[in-house]
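Here is what each chain is made of, one letter per residue.
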Amino acid sequence: MIKKNTLTLHSLSVSKDSRTLISVDTEVKPGSITTIMGPSGIGKSLLLAAIAGVLPATFTQNGSVCYDGAELTALPAHKRRLGILFQDPLLFEHMNVAQNIMFGMPQNELSKQQRADTLLADVGLQGYGQRAVQALSGGQQARVALLRTLASAPRAVLLDEPFSKLDMQTRHQTRCWVFDNIRQQGLPCIMVTHDEDDALDAQGPVITITQPEQDTDKLC
Amino acid sequence: MFSTALLVSRWLFIALLIVPVGAGIVAVLLPALSYFPAIGEHHFSLAAFSRLMQVDSIVHMAMLSLFTGLMATFIATVGTLSILAISYHTAMLGWVQRLLSPVLVIPHAAAAIALGFILSPAGWPARLVSPELSGWIAPPVVSLLHDELGLSVTIALAIKALPFMLLMALSVLAQPHLADRLQKQVCVARTMGYTPATAFLSVVWPVLYPLIRLPVLAVLAFATANVEIPLILGPGSPPTLAVAVLQWFNNVDIFMRLQASAAACLHIGVTGLAIIIWLLIEKGAAALFHRRRCTGARNFASWWLSVIAYFTLGTLILLMLCMLISLVTWSFATYWPFPDTFPLGITLIHWQTSLTALSQPALNALLIALPVSVIAVGLSLLVLEQEQISHRATVSPGLKKEAVLFLPLLVPGVAFLFGLTWFSQFIGAGVWLPVLVSHFVYVLPYVFLSLAVAYRRFDIRYTYVGYGLGASPYDVFWKVKLPQLFAPIMVALALGIAISFSQYLPTLLPGAGTIATVTTESVAVSAGGSRRLSAVYTLVQMIMPLIGFALAWWLPLRFFNPAAWSD
Amino acid sequence: MIKRINTLILLISWAVTAHAQTINFHAWGGSPQVNRYLQWVNTQTEAEFGITVNHVKLADTSDAVSRVLAEKAAGNHDRGSVDLIWINGENFAAMKRHGLLHQNWVSSLTNFALTNPDKNRNMTMDFGIPTDGQEAPWGKAAMVFYYNARYLDVPPKNAAELLSFSQQHPGRFAYPLPTDYLGISFLKYLALTLPDIPHERLYAPVDAHSLRRVTMPLFEYLDALHPTLWHEGKFFARQASRLQRLFDDNALFVSFSFTAAEIPAAVSRFDLPTSTRTYAMADGSLSNVHFIGIPYNSGHKDAARKVVNFLLSPRAQARKKQRQVWGDDTVLDVSLLSDAQSRLFAGEQAHPAALPVNGHNQLLAEPHASWTDALREAWFTRYGDHL
């Protein structure tokens, strides 16, 4: 039976020169955050790239990514609608805060400006819409980045070490806030991290990758 | 649709570099081999070459081209090395860079004319020491201008080559992965007791040089084959080979064109020889360096490097200052009898005369520079986007494309531009199209190299975020990348315009002299009767590209910059 | 495809300049006055006939000759890039020889009659070669010398004095390469004035014997002169205009020109010192008429003819004669003009640097055109690699 709003990885693996670097087979339910743990350089980010559809051409992927039973693997990245968040908020600096949020909204959405303002107000950033993104603090930028992703109505959210650049104080706070929002929206989420605290706060299944194939493997 | 455009752009890019140069070489080779049906020459023969070899001074001309080119490149390379060695990771590097950047966009012709002003026996330096020190009441009869060894040509070439090499080196050193590693390695060497200059010489330079070898060879090729500088400053009996080619080509006797074509082919050989000699020098120097490095001398060459660096910088600054003051003074001067340090009065008449006369040439220069630069920037962006989307850049540095870029810079212009002119006259392509194509061939490499640095540094994750938000590759390109890269795009555009403005031969030859630009007019007037007009023309020539760069600096402050609005 | 793009570009450039018809006038561009005069011509022809005259500034007239020749060789017989060309002497001879000029058009110009060609033979003879209606006279000029009164009280007044001057003041005199118009003119002046030369032979076509008779004394003179020249005769100015600049630098004390009016004008423009004085050599001044031709393959012959007729009009000729404009002598016979027209040619105020009225002692006609190439070649054979 096909479950609603579920992201499934069917033995998805990334390999280079016919050597498998990472392989995962899992199902992520709506509102649940699956953590993929492992030391850096093991290819966790490559796995996310494969899910998002932006795997560099020198790597090959096997297996498939499905959403509600429909295969996403054949789609180009921009049609998969999988929102991605990196450790840097990566806000577009040529746009102001509201424009950043509006950029991702579906085309047919009405009164985008108004909605952006409402979303901002909801997270305590009332009246920040017209500001330049550079004027925001790190925590504020992280919030805007998530708002931007959520406003684009993604099928699922991918988190690539999203909190590693925040300092200890804001990290926990931001993390809880991000996770709460994802759960509220009922979105399936995959997070890769090497921080145990991230996994604890996520309160979801944890897949730990241990493949000490570090000797010749140099990933940039 | 977008991805097709990207793929097409890649092939177009390579074709637009190879085809004009290739067609030009073929079209100059045929008449050189005496095959030219239009004037009744239907049989291949070596007649033109054997006639060329009978010219008494042919060896002398070739040697002159070889010598000036090699010397100028050598001076520029040693200058670059020593300046970097003493300023690497110091505050000085910043101001050296700021100081030399404007020199980069000064057209070669303008630099040569300006140098001619101060080397002239009636120039400022001679006036400063006269009559008290020198006893001269009339200008001395001996001068460096038009000297038989081409020393003044060498100086002018080196003045232009040095900033180019230095900035090329700096852009390589600014590459994030390299900068970090080298800085740490220098640190290690310093802690072992090496002086900063020696540490640079033994740690950074061996890594840096191979990365700037192509630009250095391009400088060398350009220096051997440049026309406008020896035309303005060079000896006349005999001139450099490139100048001789130009003169033969313009000879009344159309059969001289066959000889000119043969000489143009010979020039490819001369430039090739210069490159071979350079590579041999490189090998020798590397071996020498290696031996010295193994001795472990902690301050090897340190003293020499700083002497050369300060001497080079000092000379360069003094020359630039002197040139600028000379030009400005002459452009406003009324009467200025010889030993006087300053003119008897100032006037605006020369500027008024020139500005009316220059309006059409300035318009022509823009009509060429704008479309050429816009297309070059557009094409480069598409190629870089294609490269990024297909992840080529992240895997290999795209070496082949880079080599193709240097093709028009390595093949002497006098050779393939003549061929291109023959070819376009033959197919009746008029003058504008060949001029645009020739400019394009020279503009594209610089525009591409300048854009590539910024484009490849662009954080690819912005693209992924864009995809995640449902934006198509086309949308990401237009709405995310281009606005964020607006500043470097404007700089590349300004650079393209500056390069196009400065082209002399690519305007003169394919345009058959009918398209006057500020640069061609400036070179023409430099041989004319009025030093004052020449000064104005040269200044205009220097100012025009600077306006472009000022715009490139100002526009990004104004556009795609929300910070400017919210304040 | 290329042609189509090219047409497009032509259209764009046409739209930019927004003119009905454009004539490419290939003319030496080394003189600001001539350039400015041609700009004035352009404004007049645009207003009167809607014809734009685009002055293609040549460093050397032979560039345009070789261009037409190249077009003929490439089979371009009806859309050549040169519509008008300013020539005389051996360039005319070369174009006539190769059939590069449009024929029998001059006599149909209404203003040509004003030159009184039946009486003035030099309106239809160019360096001893009949023009045969292939070029129209435009102006007259004679060689003048000038010196810097700050350094010299008395200038050299003939060829012999010139040599002794140069020996006394080494490096203070120069002449351009004989590929330049003024350079070859200087050689002709010497050939026509040095003793021991049978001067009448210069007015007949050259042959080996006459050439030897002429060049032996000529080269004897030059052999003595060259080591005393600017740059010791090892570097020659490629263009005549260079001499003016060297004179302004005070590097030269004596120089010469074919456009007498250029000298006071240059003084007024600050391009020559106030102590400049113009004079004519006592042993004679080389003089000639210069002409305008229409290449056989011009695509705009009718418009070109209209422009030439305008150039021959009293209004255009009188303006050209004004010293502050150009100062080129008119080819019109002023006695044939109406009172109103001849008043346009009334005299001007004297200028200290200008040649005094009636300053020429004796005008020397140009040698036969064949001598130009012969003298030049002989010079290069002897003085070598200067190209």
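Rules behind the numbers
Residues numbered from 1 in each chain as written. Chains lettered and ligands numbered in written order. Predicted model: local features only at pLDDT ≥ 70, side-chain atom pairs only at ≥ 80, totals over all residues. Heavy atoms only, no water. Helix = DSSP H or I, 4+ residues; strand = E, 2+ residues; numbered from the N terminus. Buried < 20%, exposed > 50% of the residue type's maximum accessible area, 1.4 Å probe, protein only. Contact = heavy atoms within 4.5 Å. Phe/Tyr/Trp six-rings, centres within 6.5 Å; stacked < 30°, edge-to-face > 60°. Lys NZ or Arg CZ within 6 Å of the ring centre and 35° of its normal. pLDDT = per-residue confidence, 0-100. Buried area = accessible area lost by both parts, 1.4 Å probe. Salt bridge = Lys/Arg side-chain N within 4 Å of Asp/Glu carboxyl O. Polar contact = N/O pair within 3.5 Å; in protein donor to acceptor, adjacent residues only side chain to side chain. Axes fitted to C-alpha atoms, helices over the stretch in contact; angles between N-to-C directions. Parallel < 35°, antiparallel > 145°, perpendicular 65-115°, else oblique. Left-handed = near helix turned anticlockwise from the far one by under 90°. Nonpolar A, V, L, I, M, F, W, Y, C, P; charged D, E, K, R; others polar. Domains from an automatic or database assignment. Core = buried A, V, L, I, M, F, W, Y, C linked by side-chain atoms within 4.5 Å. Pairing = 2+ DSSP bridges.

*Asks:* Tell me about unusual backbone geometry, residues and numbers included.
*Replies:* Cis geometry marks the peptide bond from Ser130 of chain B to Pro131 of chain B; its omega dihedral reads -5 degrees. Assignment of secondary structure puts Pro131 of chain B in the loop between helix H6 (124-128) and helix H7 (151-173). At Asp196 of chain C, a residue that is not glycine, the phi angle is positive and equals roughly 70 degrees. Examined against the element boundaries, Asp196 of chain C turns out to sit in the loop between helix H6 (181-193) and helix H7 (208-225). One non-glycine residue with positive phi stands out, namely Glu232 of chain C, at about 50 degrees. With respect to the secondary-structure elements, Glu232 of chain C resides in the loop between H7 and helix H8 (241-248). Residue classification places Glu232 of chain C among the partly exposed positions, given a relative accessible area of 48%.

*Asks:* Describe in detail the environment of Leu407 of chain B, supporting the description with residues and values.
*Replies:* All names here are of chain B. Residue position: Leu407 is located in helix H17 (residues 407-410). The spacing of Leu407 and Ile18 is 389 residues in sequence and 7.5 Å in space, taken between C-alpha atoms. Dropping the residues within four chain positions of it, Leu407 is found in contact with Leu17, Ile18 and Val21.

*Asks:* Which residues make up the packing of aromatic side chains, and what values do they have?
*Replies:* Summed over the entire model, instances satisfying the criterion amount to 48 aromatic pairs over all chains. Look at Tyr181 of chain C and Phe258 of chain C: their rings are 5.4 Å apart centre to centre, the planes differ by 40 degrees, and that puts the pair in the tilted class. Of this pair, Tyr181 of chain C sits in helix H6 while Phe258 of chain C sits in the loop between strand S8 (254-257) and helix H9 (262-268); the two residues are 77 residues apart in sequence, bridging distant segments of the chain. Judged by relative accessible area, Tyr181 of chain C falls into the partly exposed class, the value being 35%. Since its relative accessible area comes to 6%, Phe258 of chain C is described here as buried. Over the ring of Trp336 of chain B we find Arg127 of chain B, and its NZ or CZ is 4.4 Å from the ring centre.

*Asks:* Quick one: what's the story with the confidence of the model for chain C, residue by residue and with numbers?
*Replies:* Residue and element names in this part refer to chain C. With 93% of its residues at a pLDDT of at least 70, chain C reaches an overall mean of 87. Within the model, pLDDT remains below 50 along residues 15-19, and this stretch shows five contacts once partners closer than five positions in the same chain are excluded. On the interface metric, ipTM, the complex scores 0.84, and its pTM is 0.82.

*Asks:* With reference to specific residues and values, describe the interface of chain B and chain A.
*Replies:* With 23 residues of chain B in contact, the opposing surface of chain A contributes 28 residues. Interface of chain B and chain A: buried area, both sides summed, is about 2,300 Å²; carbon and sulfur atoms make up 70% of it. Where chain B meets chain A, there are one salt bridge. The partner of Asp88 of chain A in a salt bridge is Arg461 of chain B, and the shortest N-O contact between them spans 2.4 Å. Taken together, chain B and chain A are joined by three residue pairs in polar contact (both at pLDDT 80 or more). Elements with a minimum of two residues in the side of chain B that touches chain A: helix H20 (460-468), helix H21 (473-484) and helix H26 (562-566) of chain B. Sort the elements by how many residues they give to the side of chain B that touches chain A and H20 of chain B lands first, with six residues.

*Asks:* Which residues make up the packing of helix H4 (residues 91-105) of chain B against helix H13 (residues 302-332) of chain B, and what values do they have?
*Replies:* Relative placement of two packed helices is described by the angle separating their axes and the distance separating the axes. Residue and element names in this part refer to chain B. Between H4 and H13, the least distance of the axes is 12 Å, while the angle of their chain directions is 40 degrees. Relative to H13, the element H4 is oriented oblique. The two elements H4 and H13 meet at a crossing, and its hand is left-handed. Where H4 abuts H13, its residues Met92, Trp95, Val96, Leu99, Leu100 and Val103 lie against Tyr310, Leu313, Leu316, Ile317 and Met320. Across the contact of H4 with H13, the residue classes break down as eleven nonpolar, no polar and no charged.

*Asks:* If you had to explain the domain arrangement of chain B to someone new, which residues and values would you point to?
*Replies:* All names here are of chain B. For chain B, the assigned domains read domain 1 (1-45 + 350-567) and domain 2 (47-342). On a C-alpha basis, the centres of domain 1 and domain 2 stand 24 Å from each other. Between domain 1 and domain 2, the contact holds 48 residues from the first and 53 residues from the second. Of the roughly 4,300 Å² buried where domain 1 meets domain 2, counting both sides, 78% is carbon and sulfur surface.

*Asks:* Which residues make up the nonpolar core, and what values do they have?
*Replies:* One finds Ile51 of chain A together with Leu208 and Trp248 of chain B to be the most contacted residues of the largest nonpolar core, which totals 230 residues. With 17 residues, the top contributor of residues to this core is helix H9 (residues 196-225) of chain B. Residues in contact with Leu208 of chain B, not counting those within four places in the same chain, are Leu84, Ala169, Val172, Leu173 and Phe200 of chain B. Counting residues in hydrophobic clusters, the runner-up holds 69 residues, among them Leu187, Tyr189, Leu222 and Trp371 of chain C.

*Asks:* Help me get a handle on the side chain of Thr80 of chain B, residues and values and all.
*Replies:* The residue Thr80 of chain B is located in helix H3 (residues 58-87) in this model. Residue classification places Thr80 of chain B among the buried residues on the basis of a relative accessible area of 1%.

*Asks:* Can you tell me about the arrangement of the chains, naming the residues and giving the values?
*Replies:* When the two pairs of chains in contact are compared, the highest contact count belongs to chains B and C. In this assembly chain A lies apart from chain C, the nearest approach of their C-alpha atoms being 35 Å.

*Asks:* Outline the sheet that holds strand S3 (residues 33-37) of chain A, listing residues and values.
*Replies:* Residue and element names in this part refer to chain A. Taking strand neighbours across the sheet as the criterion, the five strands line up as S6-S7-S8-S3-S9 in an open arrangement whose pairing is parallel. The open sheet has two free edges, formed respectively by strand S6 (82-85) and strand S9 (206-208), since each of these has just one partner strand. Each strand of the sheet is rotated relative to its neighbour by a mean of 15 degrees, with strand direction disregarded. Pairing of S3 with strand S8 (residues 189-193) involves five bridges; the strand directions are parallel. By the bridge assignment, Ile36 is partnered in S8 with Val192.

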